[in-house]
Each structure stands twice: as structure tokens, then as C-alpha cells.
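Given next are the chains, with one letter for each unit.
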Amino acid sequence: MKAVNEAKPINVLARFIATWVREHGGNGAPFDSFEALRTEPIEQKDVERWILGCNYAYYRVGDALLEADLFPDDDATAAELIACLDAQLKSIRDSNPLNLRSKQPEAIAAELGKDWPPFCPKSRSDIRKTVTGLQALAHRFAAELPGLTDMIREVATELAEEAHWYRALAERHPGTEGITERSRVLVPLWCIKGVNPLFTLLMWQDEAAVDELARQLSAAFAANGYPSFDGGSRHDAYRGVVRASQRLYLDGLAGDGAARGGDGLTQLPLTELADLLDREFFDLGHPAPSRVLPPWLAGKALLVWNIVACAALGPREAIRPSGPNRTATTLAPGDAVTAAKRALRGEVLLRRCLKNGEREVAGMLQLDGAEPAGTVALDDGASRLWYVLGSAYDEQARVPEALAPVADALAAHFLPTMRFDERGNQTEGTGDSRYHAALTLAKSVDGWQLALEDLGSKNGTCVVRREGAGMRYLVLAARTQPDPSAWAQARGIDPASVTVEDQVLLERGDAIQLCGSRFELL
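Asks: How would you summarise unusual backbone geometry if you had to cite specific residues and measurements?
Replies: Glycine aside, a negative phi is what most residues show, and trans is what most peptide bonds show. Residue P117 follows W116 across a cis peptide bond; omega there is 10°. Examined against the element boundaries, P117 turns out to sit in the loop between α5 (105-114) and α6 (127-141). You will see that D69, though not glycine, has its phi angle at about 55°, which is positive. Looking at the secondary structure, you find D69 in the loop between α3 (56-67) and α4 (75-89).

So this is what it looks like as C-alpha cells:
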């Protein structure tokens, strides 16, 4: 990373949004928030606080007051109420500088991680201080605002439940290394709830503004030495990802049923929304089709992610919009071998199945010897690593614990799934995790057994096997334990044909399905 004095991408983002809001204010603020009641202009420092989420409770409570129509008509009392919100609920006051201009990229990512999510250890938001502030608010205005006490009680309960959920999320993806995974969960939730003005900006629908912002961010990425999205020396691919995300969002807004899930979902508690997104298999990389979620959600969440999260985390974290997960029913195991045995002998081929219908050999093993060439011993001495399947190898990335014993040899045993065409568009491996799955060998009395394990991927792994006249779907436990019935229902297949496994002993003819790539064993 270059040590330069150029404007940081996050500063470029905050400055651009502040300018856009001032230019598009007109007769009302171009965002949906009680902040529109304020008379002061939106400045860059305000937008920085939107981005970092460090005044989470302030916005949640202010919007709840607006929704309940509890802001007084008297201007003086309304101004006093806003001042009380400032004093009691802002975690970072307007006079406290965030000093983002002086921070290096790693420090900026850590700043984002403090309150993505809030109410966690080291967060600037504290649930106990929030409850104390709510009590002070109720004490001061209860006599003047009938209904305020009940509303404060409800909001305090809801925020306490959110704090519990946020802490659980942070525990699942702890520390700075978990910022990306936490943020991928939060963005769609916050887009639905509109937790602060950032997520309700009308700017996200402004094609000219978004394109110009992407151009300015690309220039800032280049000036500050960020690696590009596609691994090249330019950031043109990043701009293409942003344009594609906005197009998906605008198409969702314009399509049939665009209003579906709007107000109804917004009113749901955030914890219930999180459960709903889980049930609907929503994922930023491959959102599953849903009759419940609004059709614009995937596009808006991707757009916000690719602009806001990438300004803090870098363009390598950008996600190119894609279609929903390909269902297991579209897979057909290789037909070259009819008899499958778990103990393998002789030559074994791993063949890659490309989306254009082509097949190419990805690896070959000769299993007649004592130690197959092209493998490396794992620390238990009884098994050997053949390949790690993943999007792209990054020697700086954290290695999964299961691969730590062979970390030095990973580069030679890594099979990348990511592919791009001549225009920089990703054609293969979309949605595959950096370290997705591992192929390992173990010697048995009958021969070598080849096993597949998921390495905690975000989108899961499945083995499809012909079984009699039908198919068997062996779903590997990934980052979360899949529910076989829900998994089958989402893909329109018979739940009786689905089993969840910690490890699958592969047979000739098996098809291995990652999120965005497919292999077969022959």
C-alpha cells in the first residue's frame, strides 16, 4: 500500500455525498430521516458518521419519534428535543473529529468495524448508555408529548434485542478479520430498515451521480495503491461492477411487484428481518429468488456494498451482481464411469465443467503408488492434501485453521475457480469463497479414499451423485449447518434425496458443485 498524501476513498465518498445532498435538497432532504428536520446543512463530518454508523442509536430513536408523530409542532420545543437527542444519544458528538484523512487503509477498515455492528465490545455505541439517555429523554418531555413514555419503552426493548443479536453476529465473525463477513450480513438489513440517511439516499437512483462517484473512487483507489478488483493495474472493472449493481437496483424498482415488502418489512424488528433473510437464503453474492423480499433489495444492497463498504475495505471486496444460485437439479454427474467405488485405484481425473459447456482437466492422480505424486502430507500423517478449491489465491489472506499445517505449500496446491473474459467480466467462480473446499486423500486397506470437505465457505458446497434411477445430493456443512428440508425446498427437489455431511468420500462420476463453479471426478 502506498504511503501517499492523496485523499482516502472514504473521504472522497463522504465529500461527494455531502455535496450531492446540498445540491439536491430543494424543498426537502433527499433522504428519509428525522435529520431532515434539522436546519443545519449536511456536512462531510455528518456523512462520515453515517458511513461509520457511530451514532446508531441517535438515528434509530429519532426516526422512531418521527414515525410515531411525536415531534412537536412548536419549533422551539422541536429544536430542544433534537438538542436533547444530540446530548443524550450521540456516541460521537459533532465536535469530535474522526481524523479519517490521517488514517491508513487498515485503520479505516478498523474504524468501520467498530460499529458494524454496534453495541459490541469496543463499539462506540453502548446499550447501557443508550437506555440511560432514553430515560433522560422520557423524563424531560413526557409531560409535553403524550405517548412518549410508551414509545421509549418499546424502543428500549427493541434496541436491547438488537444489541443481543449484534453481539452474537460479532462473536460469529470476530475481530478485524471478521469485518467483511459481518458487513455482508448488515448491509441488506440496514437497507431495508434505513437505519440512517446513508441507506435511504435518493442518490442511489441517480445514474449520473453514481457513475461519477465510482470514477472518483477508482481514482482514489489508484492513488492510494489499492489492489484492483480484477487483479489488474487499473480500476475499470470496479466501475463496471458499480454500474451493474445500480442497473440491478433500478430494474428491481421498475419491475412488477417493486413495492412488495416495502413498508411491511420496514416495520418488522431488525431481529425478525435477519431471520427472514436467513429463511429466504438471501446472500449478497447469490441472492435466492424470493416471493417475500422486495425485488430491489439485492441491487440496492450490492450498490451500497460496492460503494460504501469498498470505500473502507478496498475494491477487492467488490461483488459483481449475478443470478441466483444454480440449483442442484441442473447438474449431471459425469457419465464416463458407471461403477463407482469409494476406494480408488489407477488414474483419477478431476475435470472442470465450464458454463459454456467445455470440459478441461484440472488435475490427475495415479493412485497405485504408496504416496501419490502431486499431494502433500497433512500433520496427522495419515492423509494428504491434493487441492484446495477457492476463488483466487492470496498469500496475505488468513489461512483456515484446517490448512495451517500446510500453509507454506498452499500456493502449489491451490486450484483457483475465478475466471474473467477479455472485457474483465467474471465468467467463473462467482460467489466462491477464497478458501472454499479441500480435496484430501487417505489410505485404506482397499485403496485410496478421496474426501471433500467444505472450509467454512459462505455459499456452501454440494456433491451430486447418481443413485439408481435418481440423484443423491450430499450437502456439506459450511459456515452454517444447512437444513436439508429447507435446502431442498429452495431448489425444488425431493427432501428425501438430500443429506448433510461433514465430509463426503467421493466416487467416480460425482459432480462437485461450489457456488459458482463445478467439477467432476472421473
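Read on, since the account is not over.
Asks: Please provide a residue-by-residue account of the pattern of salt bridges, values included.
Replies: Taken as a whole and judged by the stated rule, the model has 26 salt bridges. Of the charged contacts, one joins E144 and R140 as a salt bridge, the two residues approaching to 2.5 Å between their closest N and O atoms. The partner of R465 in a salt bridge is D510, and the shortest N-O contact between them spans 2.7 Å. Highlighted residues: R465 in strand β11 (residues 461-467) and D510 in the loop between β14 (504-505) and β15 (511-513), separated in sequence by 45 residues. Taken together, the shared-partner salt bridges in this structure form one network comprising R38, E40, D86, K90 and D94.

Asks: Account for the packing of aromatic side chains, with residues named and values stated.
Replies: Aromatic ring pairs are reported here in terms of the distance separating the ring centres and the angle at which the planes meet. All chains considered together, the criterion is met by 18 aromatic pairs. When the centroid spacing of 6.1 Å and the interplanar angle of 40° are considered together, the rings of Y56 and W190 count as tilted. Separated by 134 residues along the polypeptide, Y56 in helix α3 and W190 in helix α8 (residues 179-193) bring together distant segments of the chain. For the pair formed by Y56 and W190, the shared burial category is buried. With 5.0 Å between their ring centres and 70° between their planes, W116 and W190 make a pair best called edge-to-face. Taken as a pair, W116 in the loop between α5 and α6 and W190 in helix α8 lie far apart in primary sequence, 74 residues in all. Neither residue differs from the other here; W116 and W190 are each classed as buried. One aromatic cluster in this structure is built from Y56, W116, F119, W165, Y166, W190 and F199.

Asks: Give a detailed account of the packing of α6 against helix α7 (residues 148-172), specifying residues and quantitative values.
Replies: Relative to each other, α6 and α7 sit at 175°, their axes nearing to 10 Å. Classified by the angle their axes make, α6 and α7 are roughly antiparallel. Here I127, T130, L134, L137, A138 and F141 of α6 lie close against α7, whose contacting residues are L148, I152, V155, A156, L159, A160, A163 and R167. In terms of residue class, the contact of α6 with α7 is made up of twelve nonpolar, one polar and one charged.

Asks: Please give an account of helix α1 (residues 9-23) that cites residues and values.
Replies: The end-to-end C-alpha distance of α1, which contains 15 residues, comes to 21 Å, matching closely the 21 Å that a straight helix rising 1.5 Å per residue would cover. When α1 is considered as a whole, its buried residues turn out to be P9, I10, N11, V12, L13, A14, F16, I17, A18, W20 and V21. Looking at the packing, one finds that the buried side of α1 touches α2 (44-52), α5, α9 (207-223) and α13 (297-313).

Asks: Which residues make up the pairing of strand β12 (residues 470-476), and what values do they have?
Replies: Along β12, five of the seven residues are buried, which leaves the element largely enclosed by surrounding structure. Here β11 runs beside β12; their pairing, made up of seven bridges, is antiparallel. The residue bridging E467 from the neighbouring strand is G470, located in β12. Of the pairings in the sheet, the one linking β12 to strand β13 (residues 498-501) comprises four bridges and is parallel in character. Bridged to Y473 within β13 is V498.

Asks: Describe the sheet that holds strand β16 (residues 518-521), with residues and values.
Replies: The strand order across the open sheet formed by seven strands is β3-β2-β16-β15-β11-β12-β13, and the pairing between neighbours is mixed. Strand pairing shows two members of the sheet lacking a second neighbour, β3 (359-366) and β13, which therefore form its edges. Taking each pair of neighbouring strands and ignoring which way they run, the sheet shows an average axis angle of 25°. Bridging between β11 and β15 involves three bridges; their strand directions are antiparallel. Among the inter-strand pairings, C462 is bridged to a residue of β15, identified as Q513. Each of β11, β12 and β13 touches helix α14 (residues 484-491); the most contacted strand, β13, lies at about 130° to it.

Analysis parameters
- Residues numbered from 1 in each chain as written.
- Predicted model: local features only at pLDDT ≥ 70, side-chain atom pairs only at ≥ 80, totals over all residues.
- Heavy atoms only, no water.
- Helix = DSSP H or I, 4+ residues; strand = E, 2+ residues; numbered from the N terminus.
- Salt bridge = Lys/Arg side-chain N within 4 Å of Asp/Glu carboxyl O.
- Phe/Tyr/Trp six-rings, centres within 6.5 Å; stacked < 30°, edge-to-face > 60°.
- Buried < 20%, exposed > 50% of the residue type's maximum accessible area, 1.4 Å probe, protein only.
- Axes fitted to C-alpha atoms, helices over the stretch in contact; angles between N-to-C directions.
- Parallel < 35°, antiparallel > 145°, perpendicular 65-115°, else oblique.
- Contact = heavy atoms within 4.5 Å.
- Nonpolar A, V, L, I, M, F, W, Y, C, P; charged D, E, K, R; others polar.
- Expected span 1.5 Å × (residues − 1).
- Pairing = 2+ DSSP bridges.

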